[in-house]
Amino acid sequence: MTTPPTADNVRAAAARLAGHAHRTPVLTSRRVDEELLTSVFFKCENFQRMGAFKFRGAFNALSRLGDDARRSGVVAYSSGNHAQAVALSARILGMPATIVMPHDAPASKVAATLGYGAEIVRYDRFTEDRAAIGAALAAQRGLTLVPPFDHPDVIAGQGTAALELFEDVGELDALFVCLGGGGLLSGSALAAGLLSPGCRLHGVEPEAGDDGQRSFRSGGIVHIPTPDTIADGAQTQALGELTFPIIRRDVTDVHTVSDAELVDAMRVFASTLKIVVEPTGCLAFAALRRLAPAFRGQRVGVIVSGGNVDLDRYAALLTA
Ligand SMILES: *Cc1c(COP(=O)(O)O)cnc(C)c1O
């Protein structure tokens, strides 16, 4: 059994990331606070390197590899932010990286991944299994597989975003975090334990993919088919073996939001905060907007997880 990550691991990850990851800004908006009657602190990981918090976990995991593993390199399977995070981290640390991506991955993501110097191995989403391809590459070439969320070093790295938020603004009454496989939420819970033990953690996932909520409420990991939602960074089928127990232990509740609510939140980010946020990055704020009456007068953190969205798609979502 893998040893679960601890709050100390989040601290150690923060030290490893210093000078490599951006310390992203915390934004506030008087207008949002007046509308919600709540003091909201946005931790803006859309300004992180490669455009999302995933850099934190990937860089932390890669920087812990020994010399032999570094020489052989790493492999990841993802069409989204994790791929770019692994590719960029590998380039910074001087390791070869191989990314397994579907033939129909968006051109911008393929270009970004190639731009970071990674090798791309394509596969057919409908007939081939990316996990099997990743495992085969790892075995044949001696590569280290870096999973997108269910790994202690990835979880600890993701927790550093919330750690910085608490360092910058002090203790909070509640923290809203988007939820896919649970790396960001479980890491944030560990960080809260260190710096804001009274803070209540709320996970937020897309309505179409409510496996996290069902798992949280039933006490066992629920698996679902790939959900159909605009929140492409949260199209996970199940929480992880490491992330789930932490979420179950430390999180207060898990909520779901509709795609329409995501677009509404995206619009507020654009018009009021003047920031570009990808659909998945809108999950946490979308839930807080609906639940605000229950948080009246409180100090509430919102993790804005990423800003990677093709501009054509962004414009289409906002004008639909
Ligand atoms: C990966 C990702 C998430 C979900 O994170 P998990 O650790 O899988 O729960 C949320 N937002 C963005 C932008 C992501 O890239």
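Since this is a predicted model, take the numbers as computed values, not measurements. (Residues numbered from 1 in each chain as written. Predicted model: local features only at pLDDT ≥ 70, side-chain atom pairs only at ≥ 80, totals over all residues. Heavy atoms only, no water.)

Section: the sheet that holds strand 4 (residues 97-102)
Part 1 of the reasoning: With respect to topology, four strands assemble into an open sheet ordered 5-4-3-6, the strand pairing being parallel. For this open sheet the edge positions go to strand 5 (119-123) and strand 6 (144-145), each flanked by a neighbour on one side alone.
Part 2 of the reasoning: Direction of pairing for strand 4 relative to strand 5: parallel, over a ladder of five bridges. Counted as the bridge partner of Pro 102 is Tyr 123 from strand 5. (Pairing = 2+ DSSP bridges. Helix = DSSP H or I, 4+ residues; strand = E, 2+ residues; numbered from the N terminus.)

Examining helix 11 (residues 243-250)
Part 1 of the reasoning: Burial in helix 11 covers these residues: Thr 243, Phe 244, Ile 246 and Ile 247. Projected down its long axis, helix 11 carries its buried residues within an arc of 165 degrees, all on one side.
Part 2 of the reasoning: Structurally, helix 11 contributes buried residues whose contacts are with helix 8 (152-169), helix 9 (183-195), helix 10 (211-218) and strand 9 (251-257). (Buried < 20%, exposed > 50% of the residue type's maximum accessible area, 1.4 Å probe, protein only. Arc of directions from axis to C-beta. Contact = heavy atoms within 4.5 Å.)

What to know about the site of the ligand
Part 1 of the reasoning: Neighbouring the ligand are 15 residues, the closest being Lys 54, Asn 81, Gly 180, Gly 182 and Ser 305.
Part 2 of the reasoning: Gly 183 has a polar backbone atom sitting 2.9 Å from an oxygen atom of the ligand.
Part 3 of the reasoning: In this structure, an oxygen atom belonging to the ligand sits 3.0 Å away from a main-chain N or O atom of Leu 184.
Part 4 of the reasoning: Here the ligand has 380 Å² of accessible area as a free molecule, and 97% of this is covered by the chains.
Part 5 of the reasoning: Residue classes in the shell around the ligand are distributed as four nonpolar, nine polar and two charged. (Near = heavy atom within 4 Å. Polar contact = N/O pair within 3.5 Å; in protein donor to acceptor, adjacent residues only side chain to side chain. Areas by Shrake-Rupley, 256 points an atom, 1.4 Å probe, with all protein chains shown as cover. Nonpolar A, V, L, I, M, F, W, Y, C, P; charged D, E, K, R; others polar.)

Notes on the nonpolar core
Part 1 of the reasoning: Phe 42, Leu 175, Phe 176, Leu 201, Phe 269, Phe 285 and Val 302 are the most contacted members of the largest nonpolar core, which totals 70 residues.
Part 2 of the reasoning: With residues up to four places along the chain from it excluded, the contact list for Phe 176 reads His 202, Val 204, His 255, Ala 284, Ala 287, Leu 288, Leu 291, Phe 295, Val 300, Gly 301, Val 302 and Ile 303. (Core = buried A, V, L, I, M, F, W, Y, C linked by side-chain atoms within 4.5 Å.)

Things to note about the pairing of strand 4
Part 1 of the reasoning: Burial analysis of strand 4 places six of its six residues in the buried class, the great majority of the element.
Part 2 of the reasoning: Here strand 4 shows two buried faces, one formed by Ala 97, Ile 99 and Met 101 and the other by Thr 98, Val 100 and Pro 102.
Part 3 of the reasoning: As paired elements, strand 3 (residues 74-77) and strand 4 share four bridges and run parallel to each other. If you follow Tyr 77 over to strand 4, its bridge partner there is Val 100.
Part 4 of the reasoning: This β-α-β element, strand 4 to helix 6 (residues 107-115) to strand 5, shows right-handed connectivity. (Right-handed = clockwise from strand over helix to strand, strands pointing away.)

Considerations on the packing of aromatic side chains
Part 1 of the reasoning: In this structure the tally under the stated criterion is five aromatic pairs.
Part 2 of the reasoning: Both rings, one in Phe 55 and one in Phe 59, keep their centres 5.4 Å apart while their planes meet at 35 degrees; by these two values the pair is tilted. You can see Phe 55 and its partner Phe 59 sitting in helix 3 (residues 54-63), four residues apart, about one turn around the helix. Per residue, the accessibility class of Phe 55 equals that of Phe 59, and both read buried.
Part 3 of the reasoning: Among the aromatic residues, those joined into a ring-pair cluster are Phe 42, Phe 269 and Phe 285. (Phe/Tyr/Trp six-rings, centres within 6.5 Å; stacked < 30°, edge-to-face > 60°.)

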